[in-house]
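One-letter residues, chain by chain:
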Amino acid sequence: QAPATKTAVYFGVSADSLDAKTRASLDSFARIAKSNPDIELLVTAYTDDRGNTDKNKALATRRANAVVAHLSQHNISTQTKNIAAKGELHIAFFY
């Protein structure tokens, strides 16, 4: 069974792009995922409570997609990824 691991990814206010530190963190996570081919990934993205709910949900979706796109560059199978965009409704973590 693949090890459970969690990587938090933080974004700037209203931002959906990955900075260098975040890309490095995801690169480390990708190495773990590649060495555990049966790993199942869940990418869950969140926002704070600034702005309206619809815009925050769209922002959360863009953030999750940015993480998935970066992991895809490491040839991690897209079938192993699940995406959930929560907007401002929950606490931010990447699983």
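Not measured: the values here are computed from a predicted model.

Observations concerning the overall build of the protein chain
Helix and strand counts for the protein chain come out as 2 helices and 2 strands. Counting helices and strands in the order they occur from the N terminus, the protein chain gives α-β-α-β. For the protein chain, the residues scored as buried account for 36% of the 95 residues in total. Pairs at least 24 apart in sequence give 75% of the contacts found in the protein chain among residues at least 6 apart. When the accessible surface of the protein chain is split by element, carbon and sulfur atoms take 50% of a total near 5900 Å².

A short note on the confidence of the model for the protein chain
Across the protein chain, the average pLDDT comes to 79, with 75% of residues at 70 or higher. Looking over the protein chain, one finds the lowest element-wise mean pLDDT in strand 2 (residues 81-85), namely 66, and the highest in helix 2 (residues 53-72), namely 90.

Thoughts on unusual backbone geometry
Phi is positive for Ser14, which is not a glycine, with a value near 60°. Along the chain, Ser14 turns up in the segment before helix 1 (20-35).

Quick look at the nonpolar core
One finds Leu18, Leu26, Leu41, Val67, Leu71 and Ile76 to be the most contacted residues of the largest nonpolar core, which totals 17 residues. Sorting the residues of this core by element identifies helix 1, strand 1 (41-45) and helix 2 as the ones contributing at least two each. Looking at which element gives the most residues to this core, the answer is helix 2, with 6 residues.

Points about the pattern of salt bridges
In this structure the tally under the stated criterion is 2 salt bridges. Between Asp48 and Arg50 there is a salt bridge, with the nearest N and O atoms lying 2.6 Å from each other. Residue classification places Asp48 among the partly exposed positions, given a relative accessible area of 31%.

A few points about the packing of helix 1 against helix 2
Contact pair helix 1 / helix 2: the axes reach a minimum separation of 10 Å and the direction vectors enclose 55°. Compared by their axis directions, helix 1 and helix 2 come out oblique. Crossing hand, helix 1 versus helix 2: right-handed. Along its contact with helix 1, which presents Arg23, Leu26, Asp27, Phe29 and Ala30, the element helix 2 presents Val67, His70 and Leu71. Of the residues assigned to the contact of helix 1 with helix 2, the class counts are 5 nonpolar, 1 polar and 2 charged.

Conventions adopted
- What you see as residue numbers is a count from 1 along each chain, following the sequence as written.
- Note on the predicted model: pLDDT of at least 70 is required for a residue's local features to be given, and 80 or more for side-chain atom pairs to be given and counted; whole-chain, interface and lining totals, by contrast, use all residues.
- No hydrogens and no water enter the side-chain calculation; it runs on all heavy atoms of the structure.
- Numbering of helices and strands runs from the N terminus, with a helix taken as a DSSP run of H or I at least four residues long and a strand as a DSSP run of E at least two residues long.
- Relative accessibility under 20% of the residue-type maximum defines a buried residue, over 50% an exposed one, and the middle range a partly exposed one, all with a 1.4 Å probe and only protein chains included.
- Throughout, a residue-residue contact means that at least one pair of heavy atoms, one from each residue, lies within 4.5 Å.
- Note on areas: Shrake-Rupley, 1.4 Å probe, and residue coverage restricted to the protein chains presented here.
- pLDDT measures how confident the predictor is about each residue, on a scale from 0 to 100.
- Among buried residues, the Ala, Val, Leu, Ile, Met, Phe, Trp, Tyr and Cys ones that are joined through side-chain atoms within 4.5 Å form a nonpolar core.
- By definition, a salt bridge exists where a carboxyl oxygen of Asp or Glu is found within 4 Å of a side-chain nitrogen of Lys or Arg.
- Axis lines are fitted through C-alpha atoms, for helices just across the contact stretch, and the angle between N-to-C directions can take any value from 0 to 180 degrees.
- Working definition: roughly parallel below 35 degrees, roughly antiparallel above 145 degrees, roughly perpendicular at 65 to 115 degrees, and oblique for all remaining angles.
- In this scheme the handedness of a crossing depends on how the near helix is turned from the far one: anticlockwise by less than a right angle means left-handed, clockwise means right-handed.
- In this classification, the charged set is Asp, Glu, Lys and Arg, the nonpolar set is Ala, Val, Leu, Ile, Met, Phe, Trp, Tyr, Cys and Pro, and all remaining amino acids, among them Gly, are polar.

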